[in-house]
Amino acid sequence: MFFNFARFFPQQQQLDSLLADPDCELETILSADNILQEIKGMGANKFADHIIKHPEMYQRMINYIISVDDELIDKKTQIQYPFLCSEILGSQNQKLLDFLFERPEEGIEADAEMIRVSLYDQLISFLEEDVFNMTSAGYFSKAFLAIIKKRGFDVWTQIINNKQILSNLIKHIDCKHIAEIIEKLIILDTTQEFTEETYLNERKTLLQRIIILMQNKYYCSEIVENICDILIEITTKNMSCLYYNNPDIVPFIDQITRPELLFEISIKTQKQQPLQVLINLVEMSSKESKKEEDDEVIHNNEKDFSIFQNIVPELPQNLLSKRYCAANFQNSNQEQVQPFGLHKIMLLKLIQTFVQTNDITIIEALLNAGLIQVLQTICIQYPSNNQIHIITEKIIKSILDLNDEKLTENVFEFGQLIEFIIGYHIEQNDKKGYLALLTSLSNYLFEKSYNQNILQYYKDNQQWMNFVKNRLFQINQKEKPFLCNVNPKAKSEVADDQESDIMSILQKFNDSQYGQQNQGEQQEQDKETQKNEQELETNNQQDDGGLEDDENIMMDMNVDQVWIEDILQTKKENQDDETQGNLNQKSLQSTSDNDKEVIHKDYNVSSLFNHSLFWKIEYDDKETEDILNNYA
């Protein structure tokens, strides 16, 4: 990662020393090491002033950008200088860009003025070439986009005066860099001061021209992709506005709203970009349109999807179409599979978008066209395609969530959803990817049993009841439990790092994993407890050897539990008092009782672990809280 320390620490600037010579050549400046950061940063105005005083240098800068050479002769003039010049103009240097359209206030000589006037024409002459390489097109695009950003209205003025500019741009629309220029000319996102003439009609005409071009040259995938990217950008910009139906964008949206044409082109080209335009149009129709008039915001909740009615019935069956141009591939099971393709994935997303509009007419048209059957077919045909399964699940759930009787009937009666789940959710398909989809849908239907519209289709189905009690129950037992029986997303359980929360989590784990011990282990523990109590009663006074025995008991626990040492220390102090005779018979008896309690705690604590150091949590709440308090 490059970091420019010159921005924060004062140091000698190369550009200052170079510009100390008033006749310093452009190539000398461009050849200096790391000079670009200075020119784009603190030295931008100084560099611009130097270039304006020598317009022939500006002329050479443009020549480096637009020059196209087939053979590499000089790396500096063909690689380094073109890159640096495009970066300098692309940095939106206000003085340099203004010089293309305005004479400087301080004035220049007549010869310099002639050069200045010819600079813009020299730059756009690049478009007159029939063929150019993508690198040079990128350099030209970077510089020209900066000009549109700073002087967008002046650019359109030049286009009106010279119609050939637009023709040359459209001629090269198959180039991504040139298509981006056309997009910015239509949207006209410029910082130049607003003028009375916004060239709205000319921009609409340009949009109309490229749509007609896409319609007639659909066989050229680059043209279709680039033009659709322009349409996607325009529709996305409209949706991202603070108020929908932005008056600056609405005229273009009306031209783009041609669902039949976009769908036809997507089917012919098998490209996903036209479908993305359709998705944007549907989402815009479902948004709440807003209009700001004076100080009042008017909300219009009307939603009209009638313009899509002609294409909706054709969507499901196109998911089953074969791509003859796509070669099959061999999957991990050594099977020949035809690729589903991005086009069909986008088609599925378009159907999902239509369903999520909650428009009953649109959804009925999709269901009558066999949507559920088609989704079932492609899920089985592509068992490892997670995208298909995820979108299918969302579509079916969205339809059932509407709680419409006709739609629900169509899903269960004509779609035969219950039969589909039972028929394919079998042990032979345990390794199939679509099993997760079937499990999710099964649990969803079971959770919706309170809904009579759904319940009526499986309450008397004995096969479904057997499936839920046996197959589904076994699957859920394996898949649903959380690790340690704790939901990591449950904020209420892990919000605070307090002992009560820890105890609650440990208690859940203990109940779920080790709540029921076998009777044999419990009896052995009871015997060991009685044995320890008898030893304590007969040996009230313990010597050092007794202390070592206690330490051996503690070795059964995890050595990392430092808080055990506190208990040992307490015991040792009591025993020292006993050997010195500082305590009377009453204190000895009290110590004996304390020892019983400590050893009892020690045993309870040691039962937390088995010999493999795996947790077996079994404790008394009060005792555990005391231990944690001592440890704290």
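Since the model is a prediction, treat every value here as computed from it, not as a measurement.

**What to know about the overall build of the protein chain**
Counting its regular elements, the protein chain contains 33 helices and four strands. Out of the 632 residues in the protein chain, the part that is buried amounts to 45%. Long-range pairs, those at least 24 residues apart, make up 68% of the contacts in the protein chain with a sequence separation of at least 6.

**Observations concerning the side chain of Thr353**
In this fold, Thr353 is placed in helix H18 (residues 342-355). Aside from chain neighbours lying at most four places away, what touches Thr353 is Ile279, Val282 and Glu283.

**Considerations on the nonpolar core**
Counting 154 residues, the largest nonpolar core has Phe47, Phe144, Ile234 and Leu445 as the members making the most contacts within it. A per-element tally of this core places helix H9 (residues 134-161) first, with 13 residues. Apart from residues lying up to four places away in sequence, Phe144 is in contact with Tyr120, Leu123, Ile124, Val155 and Ile181.

**Digging into helix H11 (residues 176-187)**
Here H11 contains 12 residues, and its C-alpha end-to-end distance of 17 Å stays within 8% of the 16 Å for a straight helix at 1.5 Å per residue. Buried within H11 we find Ile178, Ala179, Ile181, Ile182, Glu183, Leu185, Ile186 and Ile187. Against H9, helix H10 (164-171), helix H12 (200-216), helix H13 (221-239) and helix H14 (250-256) lie the buried residues of H11. Downstream of H11 by one or two residues, Leu188 has phi in the positive range, about 55°.

**Considering unusual backbone geometry**
Of note in the backbone geometry, Tyr199 takes a positive phi value of approximately 55° without being a glycine. Structurally, the position occupied by Tyr199 is in the loop between H11 and H12. Relative accessible area serves as the criterion here: at 11%, Tyr199 is assigned to the buried category. Even without being glycine, Gln270 reaches a positive phi, approximately 55°. With respect to the helices and strands, Gln270 occurs in the loop between helix H15 (259-269) and helix H16 (273-286).

**Observations regarding the confidence of the model for the protein chain**
Of all residues in the protein chain, 71% attain a pLDDT of 70 or more, and the chain-wide mean is 79. Note on residues 8-12: pLDDT under 50 across the span, and two contacts to partners over four residues away in sequence or across chains. For the stretch residues 594-619, pLDDT sits under 50, and the model shows 59 contacts to residues farther than four places along the chain or on other chains.

Cut-offs used in this document
- Residues numbered from 1 in each chain as written.
- Predicted model: local features only at pLDDT ≥ 70, side-chain atom pairs only at ≥ 80, totals over all residues.
- Heavy atoms only, no water.
- Helix = DSSP H or I, 4+ residues; strand = E, 2+ residues; numbered from the N terminus.
- Buried < 20%, exposed > 50% of the residue type's maximum accessible area, 1.4 Å probe, protein only.
- Contact = heavy atoms within 4.5 Å.
- Core = buried A, V, L, I, M, F, W, Y, C linked by side-chain atoms within 4.5 Å.
- Expected span 1.5 Å × (residues − 1).
- pLDDT = per-residue confidence, 0-100.

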